[in-house]
Amino acid sequence: MGATTVVAIIPLFLLHRLTTHATPIASVNVHNFEDDWDYKIQPHSEPLIGEVTHNHILPPEIKVDVPDTKFVQSSSSVPERVAKKLGDAVRSRVSCSVCRLGVGLLQREVRKNTSFENIRTQFVGLCVAFKVESESVCTGVFDVFGPDVLPALKAVRIGADEVCALCLGEVCGDVKNPLHQWEVQFPEVPKPVTREPDLPKPGLPTFKVLHLSDTHYDPDYVVGSAANCEEPLCCRSTSTPPLTADVVPAGKWGSYEKCDSPKVLLDSMLKSIARDHPDIDYILWTGDLPPHDIWNQSKSSNLDIIQETVEQMFEVFPNTPIFPALGNHESIPAGSFAPPWVHDPDHSVSWLYTKVADHWRKWLPASVGNTVLHGGFYSILLRPGFRIISLNTNYCHTLSWWLVVNSTDPAKELQWLIHELQEAENKGEKVHIIGHIPPGASDCMKVWSRNFNAIVQRYENTIQGQFYGHTHADEFEVFYEMEAKETNRAVGVAYLGPSVTTYENHNPAYRIYYVDGDHANSTREVLDHETWTIDLEEANKSEDEPTWYRLYSAKNSYQMESLRPKSWAKLVDDLVNNADLFELFYKYYYRDSPVRPTCDAKCKLQILCDLKSARSHERHKLCHDLEIAFSS
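In short, a report on the structure.

Considering all chains together, one arrives at eight disulfides under this definition. With its sulfur 2.1 Å from that of its partner, Cys229 forms a disulfide with Cys234. Here Cys229 and Cys234 share a disulfide; its torsion about the S-S bond, -90°, makes the bridge left-handed. In this structure, Cys229 and Cys234 share a single accessibility class: buried.

What follows is the structure in structure tokens.
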């Protein structure tokens, strides 16, 4: 019997077990999607930091012992390449046909006013019967996500085909969805002629910038617990030992299995950064602070972790400006960021914005409170002529269920971004953009990503760098010119910082950037970047503190003339044609982890396509040349 047939039969069986008196699914007043916020606000205009006149050596000559590579090319114990994040994990387990069946069932039950409890019974029964997860995880997922998902499905005006196309993307085919087609409006100002400036000369002032992402601090991490447990997150006292394998005990400093960061790992990293990099000018902090136990979280538990990590950062870096961005795991349920037109306090995300606005006052001017409270984003002037814009890219998250109701420019964020960039262009400012979910990620909604790419292309002369996290890998995304006969002109690059968490198969890491600093003709471009990491396997064998070391410098390791978009596009081409270079890139991708998965041709194609796809769910178009190359 096929899986689809079984899925179809089990819900029918469960329907006979429904009770008759229980809680109805709430109807949420979405106020006709009204958001009367005026995005045309005056940009912040007082530089946050003083003039930086020093020149950081690229790369600094720090004497460290770099551990030898221990990676074995093939081994029966080395796992196949796995999906990297929640969105990809969903896609790896849920086919489009199963999604349509499940969403169709849920929509029918919601429209029949079936109770919350009865739908819960069906969901948990299906989840357990198909061995998706244990009963406790299945129940927890429904209890956390159900109160958001079911009212959203009750409010949607599209069917299961369209819902699944929004959530899963191009794997569901080219599904027409006119209610989710929208375009941002650009001012009637001609785009300036694109001219490539001369490369900055050595010896000029530079900024040294720390990038931290995806710390995923787990306060319940327990040394010696099962690291290879049955649940989606392990290394806890409650972790269920594996049923068919020996227990792998959680190490002191972390684990390569499905585990997040213990407190000692974060302490060690921050202590090492403060010691080895006392000259950091500012910090980019791109989100995902809570752990991956999305079935077992609450608003209070997430807020506790946010507060603890903010206080720790402020304690270690009391005099260093920090510029945060929100990760999808900060919200409850994970990834759910209801637009401002959802006023119902049970579904609004204002509880999160209020708290982070209070925390971020440590680093941000009071004037950005308007945008932070409205949508979790902001813009600040770092230095004269140099601006940082922090976006809430969770507004493109495909598993944010209120976007299935209406995805049109949530919180007017992209329209606000255009206003900020146009003002910056008018004043001759250069801009760096930070966020959590990169615009090319498979769990970033296609229509949002397409509009964002149009913004990047229009303001390519102004945007000099983009910085994200989310994927946990050490990688990048190239933006190519849209609507061109040839898609080979690169107009931007997104730097995807490596995760601090090891989840999963990674060595923990952080990134250092060197940015063109204060001088007469500063481009504000990224001049080089380097990744710092530890050998987790060796650290867990030792009684000593881990040794954090510089793994590589992008410019030196990849022999790049510069880190401009065209150089990253050339690197992608080189990675296609040079097997040794790709192996080096893949080594850094996992930070030289000894358990990184083997990477066959399919894996290589996926990674290379990721690098070319800053526009989500257009992989067939952007990667058609790769598909041809790998099929020959």
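What follows concerns the packing of aromatic side chains. Applying the stated criterion to the full structure yields 31 aromatic pairs. Seen from their ring centres, Phe207 and Phe386 are 5.8 Å apart, and the 40° between their planes marks the pair as tilted. One end of the pair, Phe207, is in strand S1 (residues 206-212); the other, Phe386, is in strand S5 (residues 386-390), and 179 residues separate them in sequence. Residue Phe207 is classed as buried on the basis of its relative accessible area, which comes to 0%.

Looking now at the pattern of salt bridges. Enumeration over the complete set of coordinates arrives at 30 salt bridges. One salt bridge connects Asp279 with Lys208, and the closest N-O pair in it is separated by 3.0 Å. Placement of Asp279 in the loop between helix H7 (263-276) and strand S2 (282-285) and of Lys208 in strand S1 is noted, with a sequence separation of 71 residues between them. The exposure class assigned to Asp279 is partly exposed, which follows from its relative accessible area of 32%. Between Arg511 and Asp474 there is a salt bridge, with its nearest N and O atoms 3.1 Å apart. Of this pair, Arg511 sits in strand S10 (residues 509-516) while Asp474 sits in the loop between strand S7 (463-468) and strand S8 (475-480); the two residues are 37 residues apart in sequence, bridging distant segments of the chain. The burial state of Arg511 is the same as that of Asp474; both residues are buried.

This part is about unusual backbone geometry. Here the residue pair Ile332 and Pro333 is connected by a cis peptide bond, since its omega of -10° sits within 30 degrees of zero. Mapped onto the elements of the fold, Pro333 is located in the loop between strand S3 (322-324) and helix H9 (350-360). Note the cis peptide between Tyr503 and Glu504, where omega equals -20°. Following the sequence through the fold, Glu504 ends up in the loop between strand S9 (490-496) and S10. Of note, the phi angle at Asn113 is positive, near 60°, even though the residue is not glycine. Of note, Asn113 is situated in the loop between helix H3 (96-111) and helix H4 (116-129). Given a relative accessible area of 54%, Asn113 falls into the exposed group.

With that out of the way, let us pick up the pairing of S8. With respect to burial, S8 is a largely interior element, six of its six residues being buried. Of the two faces of S8, both are covered, the one formed by Glu475, Glu477 and Phe479 as well as the one formed by Phe476, Val478 and Tyr480.

Conventions and cut-offs
Residues numbered from 1 in each chain as written. Predicted model: local features only at pLDDT ≥ 70, side-chain atom pairs only at ≥ 80, totals over all residues. Heavy atoms only, no water. Disulfide = S-S within 2.5 Å. Buried < 20%, exposed > 50% of the residue type's maximum accessible area, 1.4 Å probe, protein only. Phe/Tyr/Trp six-rings, centres within 6.5 Å; stacked < 30°, edge-to-face > 60°. Helix = DSSP H or I, 4+ residues; strand = E, 2+ residues; numbered from the N terminus. Salt bridge = Lys/Arg side-chain N within 4 Å of Asp/Glu carboxyl O.

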